[in-house]
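Examination of the molecular architecture
Listed here are the chains, written in short residue letters.
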Amino acid sequence: MTTPGPEPEDAPGLEPGGSVRPGDTPPDAGQTSGLSHPQPIPSRKPAVITLIVIGILVVGVAGFFVLRALDLL
């Protein structure tokens, strides 16, 4: 694996151990963050289906208790 910037022994202004002298700026390194391409937008189908199933279950349980309270079940 290589480093994104120049080799430490080739960079001017570096002292032994890799530190810089007072007043010097470190060598510029390459940009390694950021996206290389646009990320795909995830589908909303699983969330919608889950909400529908939960809604059906809630209505079913509520209906059960309503029928139970009316002594129809």
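Quantities reported herein were computed from a predicted structural model and do not represent experimental measurements.

The subject of this paragraph is the overall build of the chain. Along the backbone of the chain there are one helix and zero strands. Put simply, the chain has 73 residues, and 3% of those count as buried. Carbon and sulfur atoms make up 66% of the accessible area of the chain, which amounts to about 6,800 Å² in all.

As recorded in UniProt, the feature "transmembrane region" (unreviewed entry) lies at residues 47–67. Counting secondary structure, residues 47–67 comes out at 100% helix and 0% strand; the distance between its end C-alpha atoms is 30 Å.

The next thing to look at is a nonpolar patch on the surface. A cluster of nonpolar side chains, Val 66, Leu 67, Leu 70 and Leu 72, forms an exposed patch at the surface whose accessible area comes to about 390 Å². Judged by its relative accessible area of 62%, Leu 72 falls in the exposed class.

With that out of the way, let us pick up helix α1 (residues 45–69). The α-helix advances 3.6 residues per turn, and as a result positions three or four apart in sequence lie on the same side. A rise of 1.5 Å per residue sets the reference length of α1, with its 25 residues, at 36 Å; its end C-alpha atoms lie 36 Å apart and thus fit the reference within 8%. Positive backbone phi, approximately 55 degrees, marks Asp 71, located one or two places after α1.

The backbone of Asp 71 shows a phi angle near 55 degrees, a positive value even though the residue is not glycine. Looking at the secondary structure, you find Asp 71 in the segment after α1. Taking the relative accessible area as the measure of exposure, Asp 71 reaches 69% and is therefore exposed.

Calculation notes
- Residues numbered from 1 in each chain as written.
- Predicted model: local features only at pLDDT ≥ 70, side-chain atom pairs only at ≥ 80, totals over all residues.
- Heavy atoms only, no water.
- Helix = DSSP H or I, 4+ residues; strand = E, 2+ residues; numbered from the N terminus.
- Buried < 20%, exposed > 50% of the residue type's maximum accessible area, 1.4 Å probe, protein only.
- Areas by Shrake-Rupley, 256 points an atom, 1.4 Å probe, with all protein chains shown as cover.
- UniProt positions renumbered as here; feature names shortened; annotations may be inferred.
- Patch = residues over 30% accessible without salt bridge, like charges linked within 9 Å, V, L, I, M, F, W, Y side chains within 5 Å.
- Salt bridge = Lys/Arg side-chain N within 4 Å of Asp/Glu carboxyl O.
- Expected span 1.5 Å × (residues − 1).

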